[in-house]
Amino acid sequence: MNELLVRSGGLYTTVQDTGRFGYYHMGMPPSGAMDVYSAVVANMLVGNPDDAGVLEGTYVGPRLEFTDDRMVAVTGADVPVTVNGESVEPWTAMRVGAGDVLEFAMIRSGCRVYVAVSGGIDVPVYLGSRSTYTLTGIGGHQGRKLVDDETLPLGAAGGRARGGAAVPEALRPALDVPAELRTVVGLCSYRLTEGALASFLGTDWKVTKDADRVGYRLRGGSLDFTEREQPFGAGSDPANVVDLGYPVGSIQVPGGDEPIVLLNDAVTGGGYATIGTVISVDRDRIAQTKTGDAVRFTSVDLDTALAARRDRRERIERVRREIAR
Amino acid sequence: MTEKIQLPPARYEYGGDEFVFVELDQAMSLEANFAGMAVTNALREEAIDGVVDICPSNASYMVQVDPDRLDPRELVEELRRLESTVGTLPEDYVLKTRVVDVPVLFNDPWTHETLMRFRDRHQDPEATDLEYAARINGFDSVQGVVDAMTSAPWIVTMLGFVPGLPFCYQLVPRERQIQVPKYVRPRTDTPERTFGFGGAFAVVYPVRGAGGYQMFGMAPAPVFDLSQSLPDFADDISFPNANDVLRYRAIDMAEFEATRSRVEDGTFRYRIREAEFEPAALLADPDAVNRELLEVLYR
């Protein structure tokens, strides 16, 4: 049938893949799975290509009914998962058939769950990606989050996956808090006083209610900007700079007391001073924090950022070998 | 221009492992934008493997990199090399671009309705955004500031914030630039196609949404078209490109409505002319170059 029935859309579930690239210069962010590691590993477990379409659920996952024989795997946040009411293992490839219903209970820790189904969520590719970007309503399933009682297209299921294949505990991500976010300090960090920069790095910040795919607003301290005569074209607020590009993962502090980490669906540029960038690997980490969780920023250099990226690549390859055994 | 602006040395910064950010100046100037244009155009031509995207900005630029294919440090080395070879445009550099007529209905009823709802977030709740801009920029009337914005063309110095939003900087000396602050607190609503103004930049909002720029008017034609139904959007969902020269032209309600119906029946096309100019000549005598650009556009 190549269809998946969405019985309940959950709180905020979207179709994502590894992202849409090459449109940043015109103002379109990459979108894509917020926790890349969990999304890629879910695909591996069911025998999909790493960049196949998956479902990303937030806080409250979806309820899904299968219409044919599939492999399915759930990764990401720590949450009880059931099939037809029976408890099943996350991070494990499972066989399901027509009429089977996959469901989530309340999240214990973490924030986002990923569901991969063999054949992949086969929504149309838009500008090179199946990822949903809700701001302009493009990509994914009709450019929006899933709603109750609708149908998603699936690709033809391949036969490569092995039921019961599981990711060893050691290769599942840590979800403990405070989450440590390694950060390359810089960009316009000269706008902060020395004391403010130290305080930024020394503070345990709390994730506020404004935390979604666009960005995470944090609270817990107050940061001072150095006094200056504002440069031409920058605007009058001390946090203002001449509008510039924002890297994905960059941090800005508009009012001095509410740092914002920009994430996969963020604006691509604007007029606020950026003070550093969370390294790409640790975007997986912040994606698994939720309102009320604590995060802290650790200053690292580019070498550390690149090493962390190589390390994640190696972990992914180790998972691939474990699953193939 | 009246006073030649010397740029400080460029500042190279790593935006994590996936971005390189290069600040050409903290202040906005045509010189800074042209310098960024020179380097980003040269980099684009090199088509280096691992360069994912090249994003020119107003007085800076950003390059997105795939660190698995290209070490960001190698990219910075190459950018420094480009800065030293092409980083200041040679005197005889000719910029090939297009000049576009962009009609705007100033003081339109839709942005007026919206701005009245957000007076509590504005510097001057008693005036409209245009009246406020006229006053703080030393004009006797709203017509004066509209004339200033429509008499000389603008260059697209950056795209971004949201898809297809063009930041435009007017091709006039700094002392003739109009400047306004952003709203004291951002609005939660801005109509689609609002002609907005913040700092020294004019924009057209591609989609309805939050915004902090002053609202002066409304464009009848879109800058962003997801359905790609208009001919100007056949290749791309957004219309403006960096380095495009836009002439904002004041229109009346009759022309606004006529243009809207052509947009709606799918026959609207922007008036576009291929053009070229020397940035050095523009900096030396902006009025003469602007006259030529407008002559090409309306010939």
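Given the structure is predicted, the values throughout are model-derived calculations rather than measurements.

A word on the packing of aromatic side chains
All chains considered together, the criterion is met by 16 aromatic pairs over all chains. With a centroid separation of 4.6 Å and 20° between ring planes, the pair formed by F200 of chain A and F297 of chain A is classed as stacked. Here F200 of chain A, found in helix 2 (residues 194-202), pairs with F297 of chain A, found in strand 20 (residues 294-299); they are 97 residues apart in sequence, far enough to count as distant. You'll find F200 of chain A and F297 of chain A in the same group, each marked buried. Centre to centre, the rings of F195 of chain B and Y248 of chain B are 4.8 Å apart; their planes meet at 75°, and the pair counts as edge-to-face. Of this pair, F195 of chain B sits in strand 8 (residues 194-198) while Y248 of chain B sits in strand 11 (residues 245-250), and the two are 53 residues apart along the sequence. The burial state of F195 of chain B is the same as that of Y248 of chain B; both residues are buried. One aromatic cluster in this structure is built from F106, W154, F195, F197, F216 and Y248 of chain B.

Details of the state of the cysteines
If you walk through the whole model with that rule in mind, you get 0 disulfides over all chains. Cysteine C188 of chain A shares no disulfide, and the gap to the nearest cysteine sulfur, in C55 of chain B, comes to 15 Å. Residue classification places C188 of chain A among the buried positions, given a relative accessible area of 0%.

Points about the UniProt feature "domain: Carboxyltransferase" (unreviewed entry) in chain B
Here the UniProt-annotated "domain: Carboxyltransferase" (unreviewed entry) positions come out as residues 10-231 of chain B. Here residues 10-231 of chain B runs as 27% helix and 27% strand, with 40 Å between its end C-alpha atoms.

Observations concerning the interface of chain A and chain B
Every contact between the two is made by 48 residues of chain A and, on the other side, 53 residues of chain B. Here chain A meets chain B over a buried area of about 4000 Å², counting both sides, of which 61% is carbon and sulfur. Contact with chain B buries surface across chain A, with M26, F232 and D243 of chain A losing the most and accounting together for 19% of the total. Inspection of the region where chain A meets chain B yields 7 salt bridges. Residue D303 of chain A is joined to R73 of chain B by a salt bridge in which the shortest nitrogen-to-oxygen separation is 2.4 Å. Joining chain A to chain B, the criterion identifies 18 residue pairs in polar contact (both at pLDDT 80 or more). Those elements that provide at least two residues to the side of chain A that touches chain B are strand 12 (179-185), strand 15 (240-245), strand 18 (269-272), helix 3 (280-287) and helix 4 (302-324) of chain A. Taken together, the residues of the side of chain A that touches chain B break down into 27 nonpolar, 16 polar and 5 charged.

Each value, and the rule that gives it
- Residues numbered from 1 in each chain as written.
- Chains lettered and ligands numbered in written order.
- Predicted model: local features only at pLDDT ≥ 70, side-chain atom pairs only at ≥ 80, totals over all residues.
- Heavy atoms only, no water.
- Phe/Tyr/Trp six-rings, centres within 6.5 Å; stacked < 30°, edge-to-face > 60°.
- Helix = DSSP H or I, 4+ residues; strand = E, 2+ residues; numbered from the N terminus.
- Buried < 20%, exposed > 50% of the residue type's maximum accessible area, 1.4 Å probe, protein only.
- Disulfide = S-S within 2.5 Å.
- UniProt positions renumbered as here; feature names shortened; annotations may be inferred.
- Contact = heavy atoms within 4.5 Å.
- Buried area = accessible area lost by both parts, 1.4 Å probe.
- Salt bridge = Lys/Arg side-chain N within 4 Å of Asp/Glu carboxyl O.
- Polar contact = N/O pair within 3.5 Å; in protein donor to acceptor, adjacent residues only side chain to side chain.
- Nonpolar A, V, L, I, M, F, W, Y, C, P; charged D, E, K, R; others polar.

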